[in-house]
Structure formats: C-alpha cells, structure tokens
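What follows is the residue order along each chain.
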Amino acid sequence: NEHYYEKDGMLIERGVNGDRVLLYAGSPSHVHIPDSVAEVADMAFYNAQLEQLDIPASLQRVSQRGFLGCDGLKEVRISFPDEVQGCRQISVPFP
C-alpha cells in the first residue's frame, strides 16, 4: 500500500518527511522502531507490554502520550544520527 505498511506489529503511515507509527498491536516485548520513522503518534504504544525499545536516529518527534501505559519498560536504546563522544547509541536502563 502506498500510504500505510505493517512492521513488527506497528501500523506505520508513510510520509514525505519520514514515516509515523500510528499504532502498535504486536506482542513482542522487544520493539525496534524502523529507521524510516520520524514520528510516534499520540497513544501509538498505549499500554503495550514493552520491555526493550530501540529508537532510531531518524526519530524526531514523539507525542506526549505516545508511550502512555508502557510501565514494563526495562531498557531504551537510543541511536544518534552522528557520533557523540565516540558513541552512536546509548542504553538507558530503568529500575
């Protein structure tokens, strides 16, 4: 489809300036947002049972409630578009 596609349980809208995750209906606890995604829409991951989340360097905007209810997150890995002090990615653990 030229407007939408599904990737690992995510409904993604194609966009001129990058794609947007509209909804996550998957069951894996580890999600890698695709490198083409620039935005996470409001309530996209509402109450998702995520434990690990990989955020690509392409992500520019996350709705204030994009990850509302994702209380089980244990680790978020964030990629950078450019190297920062010798690193291209950082892992943020949650207690």
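For the structure itself, consult the block above.
Chemist: Is there a simple way to think about the overall build of the chain in this case?
Modeler: Each helix and strand in the chain was counted, giving zero helices and nine strands. Element order for the chain, N to C, with α for helix and β for strand: β-β-β-β-β-β-β-β-β. Compactness check: the chain gives a C-alpha radius of gyration of 13 Å against a globular reference of 12 Å for 95 residues, within 12% of the reference. If one aligns the C-alpha atoms of the chain with their principal axes, the spans along those axes are about 40 × 30 × 20 Å. The buried share among the 95 residues of the chain stands at 28%. Nonlocal contacts in the chain, meaning residues at least 24 apart in sequence, comprise 12% of its contacts between residues at least 6 apart. If you average the places of the 8 positive and of the 14 negative side-chain charges in the chain, the two averages end up 1 Å apart.

Chemist: What is the right way to look at the pairing of strand β6 (residues 52–55) in this model?
Modeler: Relative to β6, strand β4 (residues 30–32) runs parallel, the two sharing three bridges. Residue pairing for β6: histidine 32 is matched across the bridge by aspartate 54. In this sheet, strand β8 (residues 75–84) lies alongside β6 in parallel orientation, the contact comprising four bridges. Bridge pairing links glutamine 52 to glutamate 75 in β8.

Chemist: What is the right way to look at the sheet that holds β6 in this model?
Modeler: Read from one edge to the other, the open sheet built from four strands follows the order β4-β6-β8-β9, with strand pairing classed as mixed. Strand pairing shows two members of the sheet lacking a second neighbour, β4 and β9 (87–93), which therefore form its edges. Across this sheet, the average inter-strand angle for adjacent strands is 15 degrees, counted without regard to direction.

Chemist: Quick question: what am I supposed to make of the pairing of β9 here?
Modeler: Where a strand is regular, its side chains alternate between the two sheet faces. Of the pairings in the sheet, the one linking β8 to β9 comprises six bridges and is antiparallel in character. Residue pairing in the sheet places isoleucine 78 in a bridge with isoleucine 90 of β9. Where β8 hands over to β9, the hairpin turn is made up of two residues, of which glutamine 85 adopts a positive phi near 50 degrees.

Chemist: Could you clarify how one ought to interpret the pattern of salt bridges in this entry?
Modeler: Pairing is possible between side chains that carry opposite charge, provided their charged atoms lie close to one another. The tally for this structure, following the rule as stated, stands at five salt bridges. The salt bridge involving arginine 65 is made with aspartate 42; its shortest N-O contact spans 2.6 Å. A residue pair is termed long-range when its members are at least 10 positions apart, and arginine 65 in the loop between β7 (61–62) and β8 and aspartate 42 in the loop between β5 (37–40) and β6 qualify at 23 residues. Taking the relative accessible area as the measure of exposure, aspartate 42 reaches 36% and is therefore partly exposed. Between aspartate 54 and arginine 77 there is a salt bridge, and its shortest N-O distance comes to 3.1 Å. Of this pair, aspartate 54 sits in strand β6 while arginine 77 sits in strand β8, placing them 23 residues apart in sequence.

The rules we used
Residues numbered from 1 in each chain as written. Predicted model: local features only at pLDDT ≥ 70, side-chain atom pairs only at ≥ 80, totals over all residues. Heavy atoms only, no water. Helix = DSSP H or I, 4+ residues; strand = E, 2+ residues; numbered from the N terminus. Rg over C-alpha atoms; globule rule 2.2 N^0.38 Å. Buried < 20%, exposed > 50% of the residue type's maximum accessible area, 1.4 Å probe, protein only. Contact = heavy atoms within 4.5 Å. Lys, Arg positive; Asp, Glu negative; His and termini not counted. Charge placed at Lys NZ, Arg CZ, Asp CG, Glu CD. Pairing = 2+ DSSP bridges. Axes fitted to C-alpha atoms, helices over the stretch in contact; angles between N-to-C directions. Salt bridge = Lys/Arg side-chain N within 4 Å of Asp/Glu carboxyl O.

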